[in-house]
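# Structure assessment
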Amino acid sequence: MKNYYDILGVSKTSSQEEIKKKYRELSKMHHPDKGGDEEVFKKINEAYSTLSDPSKRAEYDNPVKTYSGGMSAEDVYNMAFGRQQRRQESFKIDPHVNINMSLTMEEVFNGVNKTIKYSAYTACGNCNTEGGHDSQTCTACSGRGFSVFQRGPVIMQQTCGICQGAGKTFKKGCNTCDSFGYVKQDRQISVNIPASVLHGETITYHNYGNEVKKNLFGHLTLTVTVKQHDVFIRPNDAPFDLVQEIHLPYHDIILGCDTIISTIGGTNVKINIPELTNNGKVLRLKGQGFKKRQNGVGVLSTRGDMHVLVTLKMPTEISEAEKEILRNLKKESEVVETI
């Protein structure tokens, strides 16, 4: 490491003002524009850049030791992050567990009880999440919890890769958790999904997540996905209503008819299609939608509606007899229009 104090001609006990004064003298003397050596000028600026900054100077005054085997601090740093990867990850455990739950529209209509199986971390009871036994002061950082290392001319500070900022290491790793601090376990919970739950809605169950400390648990959060239905559509702007499209032949639309349609609740209802119903007409069946919900109250007894979209079902083929009927109908319509 370069001796910045020697470059500037000052001592370690020199004040910031003394360092600044010396730098001005040397920079004028060695400035390239005044015939000075450019390389010397660069070294002067490099030294002053470090010593003029109190935090940089403090790091410079406490250089990183060279460890056994001739390894530099950077070597130890890289080794630590390679060998201690699992231990480092233990500090990144999210206390909460998030699960996606897929429901059919029928399950949403009625509400449903589900048994959820998932995995969550439990604090290791053998080492109490420490990852080892018989603690000792971390020799890599001298118990500070951070390491200082140099990359080229830059001195950097980083959380100690050996002790992960704890300032201590262990003589013996924990065999129960493989020095991870946590043990992953399979769990299951019975949950009650209320009727009319929305697509994308989240339901939180407290204290069913990861155990980050002894008897301190995060939450389990379920995110609901409602599957698309082959028959029914749930409008985004009216989530307690339903839309069903029915296809009728032109004679039923023109003359009117009664037809049977299914509901999301599994029953069948008869509806009347008035004569001369327009293609795209929407008929409303009151109370055949989802149960309504209200913030602070929950699921109500009243339901939304089902809207029946009537569309024309065009034939794929037509008989000669039907053609003749249509020709006569067309002639009749032309006569009526001319009168």
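Residues numbered from 1 in each chain as written. Predicted model: local features only at pLDDT ≥ 70, side-chain atom pairs only at ≥ 80, totals over all residues. Heavy atoms only, no water.

Along the protein, the regular secondary structure elements total 9 helices and 19 strands. Expressed as a percentage of the 339 residues in the protein, the buried residues total 32%. For the protein, restricting intrachain contacts to residue pairs at least 6 apart in sequence, the fraction spanning at least 24 positions comes to 62%. Carbon and sulfur atoms form 48% of the exposed surface of the protein, whose accessible area is close to 21,200 Å². (Helix = DSSP H or I, 4+ residues; strand = E, 2+ residues; numbered from the N terminus. Buried < 20%, exposed > 50% of the residue type's maximum accessible area, 1.4 Å probe, protein only. Contact = heavy atoms within 4.5 Å. Areas by Shrake-Rupley, 256 points an atom, 1.4 Å probe, with all protein chains shown as cover.)

In this section: the pattern of salt bridges. Within this structure, the stated rule accounts for 8 salt bridges. Taking the shortest distance from any N to any O, the salt bridge between Lys-22 and Glu-25 comes out at 3.9 Å. One end of the pair, Lys-22, and the other, Glu-25, are both in helix α2 (residues 16–30), 3 residues apart, so they sit about a helical turn from each other. With relative accessibility at 28%, the residue Lys-22 sits in the partly exposed group. (Salt bridge = Lys/Arg side-chain N within 4 Å of Asp/Glu carboxyl O.)

With that settled, the discussion passes to α2. End to end, α2 covers 21 Å across 15 residues, agreeing with the expected 21 Å (1.5 Å per residue, within 8%). Among all positions in α2, only Ile-19, Tyr-23, Leu-26 and Ser-27 are buried. Along the long axis of α2, the arc covered by the buried residues comes to 100°, so they all point the same way. Structural note: α2 exposes Glu-17, Lys-21, Lys-28 and Met-29 on the side pointing more than 90 degrees away from its buried face. Among the structural elements, α1 (4–8), α3 (38–51) and α4 (54–61) are those in contact with the buried residues of α2. (Expected span 1.5 Å × (residues − 1). Arc of directions from axis to C-beta.)

Moving on, we come to unusual backbone geometry. With a phi close to 65°, Ser-179 is a non-glycine residue in the positive phi region. The residue Ser-179 is located in the loop between β6 (168–173) and β7 (182–193) in this model. For Ser-179, a relative accessible area of 25% puts it in the partly exposed group. Unlike most non-glycine residues, Leu-276 shows phi in positive territory, near 60°. Here Leu-276 lies in the loop between β15 (268–273) and β16 (282–285).

Next up on the list: the environment of Ala-140. Secondary-structure assignment places Ala-140 in the loop between β3 (132–137) and β4 (146–151). In sequence terms Ala-140 and Cys-163 are 23 residues apart; their C-alpha atoms lie 8.2 Å from each other.

As summarised here, the arrangement of the 4 strands in space is β12-β13-β19-β16, forming an open sheet in which the pairing is mixed. One side of each edge strand has no neighbouring strand; the edge strands of this open sheet are β12 (232–233) and β16. Relative to strand β19 (residues 306–312), strand β13 (residues 242–248) runs parallel, the two being bridged by 7 bridges. Bridge pairing in β19 links Gln-244 to Val-308. (Pairing = 2+ DSSP bridges.)

Another aspect to go through is the packing of aromatic side chains. What the rule picks out here adds up to 5 aromatic pairs. Their ring planes at 10° and their centres at 4.0 Å tell us that Tyr-23 and Tyr-48 sit as a pair that is stacked. Taken together, the residues Tyr-23 in helix α2 and Tyr-48 in helix α3 connect sequence positions 25 residues apart. Here the two residues Tyr-23 and Tyr-48 agree in accessibility, since each one is buried. Judged by centre distance (5.7 Å) and plane angle (45°), the rings of Tyr-121 and Phe-180 are tilted. With Tyr-121 in strand β2 (residues 112–123) and Phe-180 in the loop between β6 and β7, this residue pair connects regions lying 59 residues apart in the sequence. You can call Phe-180 buried: its relative accessible area is 12%. Ring pairing ties together the aromatic residues Tyr-121, Phe-180 and Tyr-182, which thus form one cluster. Across the ring face of Phe-290, the terminal group of Arg-234 is positioned such that the distance to the ring centre comes to 4.3 Å. (Phe/Tyr/Trp six-rings, centres within 6.5 Å; stacked < 30°, edge-to-face > 60°. Lys NZ or Arg CZ within 6 Å of the ring centre and 35° of its normal.)

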